[in-house]
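Listed below are the residues making up each chain.
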Amino acid sequence: MRSLIAVSVATLFLTACASQATPPAKPAAATPTVAAATPKAPQCWNGDAGKFEAVGVKTKISGVEVVCKPTSDGKNAQWMGAGH
């Protein structure tokens, strides 16, 4: 019974606090930056390292030597065997 009362009081308190908060101010309109206007270079995802790698990077993924190469359209990249 005590826990039910405690939960009720805590819920009432949290609801009262949440309802009195002022709404957050609207963020200013974002201005486009030079980086946003420049298209990103293709990259390959390295799941072993947990990060993207640039085109031309050679590494071992799951014990296999690979290199990040751009696809034929130049918009993406993929891992290819280092011997190819």
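Let me sum up the structure you'll find in this document. Throughout this description, residue numbers start from 1 for each chain and increase along the sequence as written. Selection of residues for local features in this predicted model requires a pLDDT of at least 70, selection of side-chain atom pairs for listing and counting requires 80 or more, and totals for whole chains, interfaces and linings are taken over all residues. Water and hydrogen atoms were dropped before computing side-chain values, which therefore reflect all heavy atoms in the structure.

### What to know about the overall build of the protein chain
So, point 1. Counting its secondary structure elements, the protein chain contains two helices and five strands.
So, point 2. Strands here are runs of E lasting at least two residues and helices are runs of H or I lasting at least four, both read from the DSSP assignment and numbered beginning at the N terminus. When the helices and strands of the protein chain are read in sequence order from the N terminus, they spell out α-α-β-β-β-β-β.
So, point 3. Three exposure classes are used, based on accessible area relative to the maximum for each residue type with a 1.4 Å probe and protein chains only: buried under 20%, partly exposed in between, and exposed over 50%. Per-residue burial over the protein chain gives 11% buried out of 84 residues.
So, point 4. Intrachain contacts of the protein chain at a sequence separation of at least 6 include 20% that bridge at least 24 residues. It only takes one pair of heavy atoms within 4.5 Å for two residues to be counted as in contact.

### Observations regarding the packing of aromatic side chains
So, point 1. Side-chain rings of Phe, Tyr and Trp (the six-membered ring for Trp) are treated as a pair once their centres are within 6.5 Å; stacked means planes under 30 degrees apart, edge-to-face means over 60, and tilted covers the remaining angles. Within the structure shown, the criterion is met by one aromatic pair.
So, point 2. Seen from their ring centres, W45 and F52 are 4.9 Å apart, and the 70° between their planes marks the pair as edge-to-face.
So, point 3. Classification of W45 as partly exposed rests on a relative accessible area of 45%.

### Structural notes on the state of the cysteines
So, point 1. Criterion for a disulfide: a pair of cysteine sulfur atoms within 2.5 Å. This model, assessed by the stated rule, comprises one disulfide.
So, point 2. Disulfide partner of C44: C68, at an S-S distance of 2.1 Å. Where C44 bonds to C68 through sulfur, the torsion about that S-S bond is close to 85°, and the disulfide is right-handed. Residue C44 is located in strand 1 (residues 43–46), and its partner C68 is located in strand 4 (residues 64–70); the two are separated by 24 residues in the primary sequence.
So, point 3. The class of C44 is buried, set by a relative accessible area of 2%.
So, point 4. C68 gets classed as buried once you look at its relative accessible area, which sits at 1%.

### Structural notes on the sheet that holds strand 5 (residues 77–81)
So, point 1. Pairing between two strands requires that DSSP report at least two bridges joining them. Strand order in the open sheet formed by three strands is 3-4-5, and the pairing between neighbours is antiparallel. For this open sheet the edge positions go to strand 3 (58–61) and strand 5, each flanked by a neighbour on one side alone. Strand-to-strand twist in this sheet, taken as the mean axis angle between neighbours without regard to direction, amounts to 45°.
So, point 2. In this structure, strand 4 lies alongside strand 5, joined through five bridges in antiparallel fashion. Residue pairing in the sheet places P70 in a bridge with A77 of strand 5. An axis is simply a line fitted to the C-alpha atoms; with a helix, the fit covers only the stretch in contact. Between two such axes, the angle follows the N-to-C directions and lies from 0 to 180 degrees.

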